[in-house]
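Structure assessment
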Amino acid sequence: MPTRPNPDDLLDRVMREEDRQSRGRLKIFFGASAGVGKTYAMLTAAQSLREQGTEVVAGIVETHGRIDTAELLAGLEQLPLRAHNYRDRNFHEFDLDAALLRHPQVILVDELAHSNVAGARHAKRWQDIEELLHAGIHVYTTVNVQHIESLNDVVGQITGIRVWETIPDHVFDDADEVTLVDLPPDELLQRLKQGKVYLPQQAEKAGRNFFRKGNLLALREIALRRTADRVDADMRAYRADRSIAQLWQTKDRIVVAIGADADEDQLVRAGARLAAKLQAEWLVVYVDAPRWPRITLARRERMLKTLKLAQSLGAETASITGDDVARALVQFARGCNAGKLVIGQSQRHGWWSRWRPSLATRIAAQGKDIDVYAVAREMRDESGSARALWDHRPPEDGGRLRRRGYLWALVSCAITTSLAALLIGYLHPANVIMLYLVGVMIVAVRYGRSASALASVLSVLAFDFFFVAPRYSVSVSDVQYLITLLVMLAVSLFISTLASRLRHQAHVAMLRETRAGNLYMLGKELSTVLTLEQILEIGRRHLGAVFGAKTAFLLPDSSENVRVAGPNAQDVHALNDADLGVAQWVYDNGQPAGQGTATLPAAQALYLPLTATMRTRGVLAFVNDVAAQRGDHAVQLALPENRQMLEIFASQIAMAIERLHYAEVAQDALLTMESERLRNSLLSAISHDLRTPLTSLVGSADALAAQAGMSADAQAMAVTISEQSQRLSGLVENMLDMARLQAGGVTLNRQWNTLEEVIGSALRLLQKVLGERSVVVRLPADLPLVRFDAVLLERVFANLIENAVKYAPQSEAIVIEARVAQEPGVAGFLEIDVVDSGPGFPAGMEERVFEKFTRGDAESSTPGVGLGLAICRAIVTAHGGTIRALPVDVAAPGARVRFTLPLESQPALPEED
């Protein structure tokens, strides 16, 4: 029977269609690795569109030197690339503004995961494509499986190579069309050998690393599965958009329905075996029927244990609500497009079970497109004895409430009978029946089905005994009254059943509305907080109101050790050292633990990680007191619906903590930037004011030392004044250089130079500082020319050598080494080491020594202000290189500073005559 569409779904569909019409369409050519032919397939499709009269423009297409791919560009308009100057090098990138201005129907933008050069409008090419789509331009692009964010680490583990250019999963999932470009591994390896993927030198290296057959097989399977998952999601979205209730068995998916009985584990294991045999996804679901509140605590715990077993076997779990178990299961299976339903089937006892159709029969009648698997079993009660499936014995914990319901059924019947006796002279017997039905309905709403059933039977007997002739007898003289009594009993039972179901549904709806309201209020209050204490107080208050448990928040300190946060001392005493250890494990591993979980279940509390977008921000602990442990509080927290709500609460709190953290980071960064700006301005002003008097002081001291006839002591004092003035002048120069570099006021004058020239220039500059100390320079004879600013690089060598002179022993030589290095996939670079035999850098300070005003040993008597290495890093970074301090080698102690300079294609030398 066709299902009427939901009006809200229809409205949402109309809005999405309107947005889709104004937005361009994205088509992705998807492959397992480079060389499968993604760009070739994209260009082939573009040529086909062009022949059909569609306006196609090539925005950027990477042919990688492949002739057959480049030939497919013939006839296509190509947009000129935009030049970007970055670190004195020109890079040619896709021109987004030109594409928007040209506004073709379809544009080709290759390599979706590409990172744009610094200074471009967007950091990533997929962001450029988003802007094109918003402008209504259709885009064709390409991407490999390793560039999808969620698969990046998986591919990296398989191949041993991690790529850093990735796209968010939603970019791939939101694409209008994905075309898988597939090629068997043997054919791809043959293309690699023929030089159709990489140049011969690169192909040989790639064949030994990434392009191994095992890697290609694994990548091909991942790409096929990712494409299949997307197609499955598209198919389900299509069914939902068109309100198609009929099942489409395009992919095996199994639903296992469980109850709260003792042998449900057998059913879950049978479902797991079936799923493994069929290589299918599977879900385990529990139907929360109206009889759930009367299930004993032991059976609830058993049901939750079964759900945990299912999760450990790899299943997804869910809890759904429904009056009719068969209808609820069929609707759930169709909603998740599951074609197979596994249920338990036991031997049926009693006349009622034989008259009522079995669950399998009812499912088969309502879901003719679903395969039903019935697993034979024998139902057992809490003691392990066999019992019938329909036998729901009264639970001990609900006995008092049930006895009260029976009592009120008697009282209701007595009150109604008394009222009817007073009004029988004025009312028709049919109206008296209505009074009894009202009493039955009141009992059903208040006390449920069993009490209302008793009220129904008592009402029929009372009406027959007091108001049907012969009165004060249960016999009936008129056959018509017999029919009346039977109809009255049937109507009473029907009303009692209906009222009991409505009562349960209203209770469930009220609980869900309450939780949704609490979640809304939690998010609303957390959006305006300004301090961590406010976040913890709001979270504690809402969690206590919804779940009725004591809560504690444990946040990490500077040593990444969790501590109870907040002023509530009661929470501190509730957690002992062992529980703090559990909380530390949860924080370190990002997984729940404690009561109700499979990890450390003996703990006093349930611990959940406060996981935000970037990292785990802390731990949330539910601390149960003795009264809560005696009840079903732990069971309620373990219910899938309650656990999901609890995780949402924890996620909201974690996001609020992270937002506050980044707000503080941004504030600190703003203050740091402002203080740096003020400090640089102050340094620049002071340095300029000190420069002139220092120059005069040095000149006067040198002139005084050169005068004849001065005593030895006076001449020594003049020399000391000159040396110290020159040292102070050097410090001033360093401060000026640092201020200029940070202000961006230094323009590199990069020329082709030899490294030995700039090293010789630095050594001549430091002749007085070096004195008798020896410097060993080891440069290969075939060292290439390098483009750099000779003046600034001279300062780098001068600062590094001067730093070595300060700390190295007088008798030990300072060594300068250089070599050409090469990394896979990276252009060559020059690697230079400056080595001394001093004490080396303190452990853990290898990175900090390059910060401004930072010294390796703050208490050292060696003069200096900690600017030399910071200036070196600024200059080397401006040249596109890196600099670092290597740890001390026990075999060869001392300090080793290594920096690199990028190599470029050598200039053409003039021919000799």
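Small disclaimer: the values here were computed from a predicted structure and weren't measured.

**Quick word on the overall build of the chain**
In terms of helices and strands, the chain carries 30 helices and 25 strands. The buried share of the chain, reckoned over its 913 residues, is 42%. A total of about 48,800 Å² of accessible surface is found on the chain, and carbon and sulfur atoms cover 56% of it.

**So, the side chain of Asn753**
Within the secondary structure layout, Asn753 lies in strand E19 (residues 751–753). Owing to a relative accessible area of 16%, Asn753 belongs among the buried residues under this scheme. A polar atom in the side chain of Asn753 sits 3.2 Å from the backbone oxygen of Phe788. Sequence-distant contacts of Asn753, defined by excluding residues within four places in its chain, comprise Leu785, Val786, Phe788 and Ala790.

**Structural notes on the packing of aromatic side chains**
Under the defined criterion, the tally for this structure stands at 3 aromatic pairs. Consider the rings of Phe29 and Tyr140, whose centres lie 5.7 Å apart with planes at 65 degrees: the pair is edge-to-face. In this pair, Phe29 sits in strand E1 (residues 26–31) while Tyr140 sits in strand E7 (residues 138–144), placing the two residues 111 residues apart along the sequence. Residues Phe29 and Tyr140 agree in their burial class; the two are buried. A ring pair is formed by Phe30 and Phe172, whose centres lie 4.8 Å apart and whose planes are at 55 degrees; its orientation type is tilted. Residue Phe30 is found in strand E1, and its partner Phe172 is found in helix H7 (residues 169–173); the two are separated by 142 residues along the sequence. Judged by its relative accessible area of 0%, Phe172 falls in the buried class.

**A word on the sheet that holds strand E17 (residues 605–611)**
On the basis of which strands lie adjacent, the open sheet formed by 5 strands has the order E15-E14-E18-E17-E16 and antiparallel pairing. A single partner strand is all that each edge strand has here, and the edge strands are strand E15 (562–565) and strand E16 (593–594). One ladder, built from 4 bridges, connects strand E14 (residues 550–556) with E15; its direction is antiparallel. Considered in E15, the bridge of Pro556 is made with Val562. The strands touched by helix H20 (residues 532–547) are E14, E15 and strand E18 (616–623); relative to E14, the strand with the most contacts, the crossing angle is about 150 degrees.

**Description of the confidence of the model for the chain**
Mean pLDDT over the chain: 77, with 76% of residues reaching 70 or higher. Least confident of the elements in the chain is helix H23 (residues 626–630), whose mean pLDDT is 43; most confident is strand E6 (residues 106–109), at 95. Under a pLDDT of 50 for its full length, residues 569–573 has, in the predicted model, 6 contacts with residues more than four places off or in other chains. When the criterion is pLDDT under 50, residues 626–633 qualifies, and its contacts beyond four places in sequence or with other chains add up to 12 contacts.

**Examining the pairing of E6**
With burial as the criterion, each face of E6 is covered, one bearing Val106 and Leu108 and the other bearing Ile107 and Val109. Alignment of strand E2 (residues 56–60) against E6, held across 4 bridges, turns out to be parallel. Of the residues in E6, the one forming a bridge with Ile60 is Val109. Relative to E7, E6 runs parallel, the two sharing 3 bridges. Note on E7: the bridge partner recorded for Ile107 is Val139. Between the parallel pair E6 and E7, the chain is carried across by helix H5 (residues 125–134), and the sense of this crossover is right-handed.

**Some thoughts on the packing of helix H27 (residues 755–765) against helix H29 (residues 790–807)**
At a minimum axis distance of 9 Å, the contact between H27 and H29 shows a crossing angle of 55 degrees. Regarding the angle of H27 to H29, the classification is oblique. Read as a crossing pair, H27 and H29 show a hand that is right-handed. Contacts from Leu755, Val758, Ile759, Ser761, Ala762, Leu763 and Leu765 in H27 reach Ala790, Leu793, Glu794, Phe797, Ala798 and Ile801 in H29. For the contact of H27 with H29, a count of residues per class yields 11 nonpolar, 1 polar and 1 charged.

Each value, and the rule that gives it
Residues numbered from 1 in each chain as written. Predicted model: local features only at pLDDT ≥ 70, side-chain atom pairs only at ≥ 80, totals over all residues. Heavy atoms only, no water. Helix = DSSP H or I, 4+ residues; strand = E, 2+ residues; numbered from the N terminus. Buried < 20%, exposed > 50% of the residue type's maximum accessible area, 1.4 Å probe, protein only. Areas by Shrake-Rupley, 256 points an atom, 1.4 Å probe, with all protein chains shown as cover. Polar contact = N/O pair within 3.5 Å; in protein donor to acceptor, adjacent residues only side chain to side chain. Contact = heavy atoms within 4.5 Å. Phe/Tyr/Trp six-rings, centres within 6.5 Å; stacked < 30°, edge-to-face > 60°. Pairing = 2+ DSSP bridges. Axes fitted to C-alpha atoms, helices over the stretch in contact; angles between N-to-C directions. pLDDT = per-residue confidence, 0-100. Right-handed = clockwise from strand over helix to strand, strands pointing away. Parallel < 35°, antiparallel > 145°, perpendicular 65-115°, else oblique. Left-handed = near helix turned anticlockwise from the far one by under 90°. Nonpolar A, V, L, I, M, F, W, Y, C, P; charged D, E, K, R; others polar.

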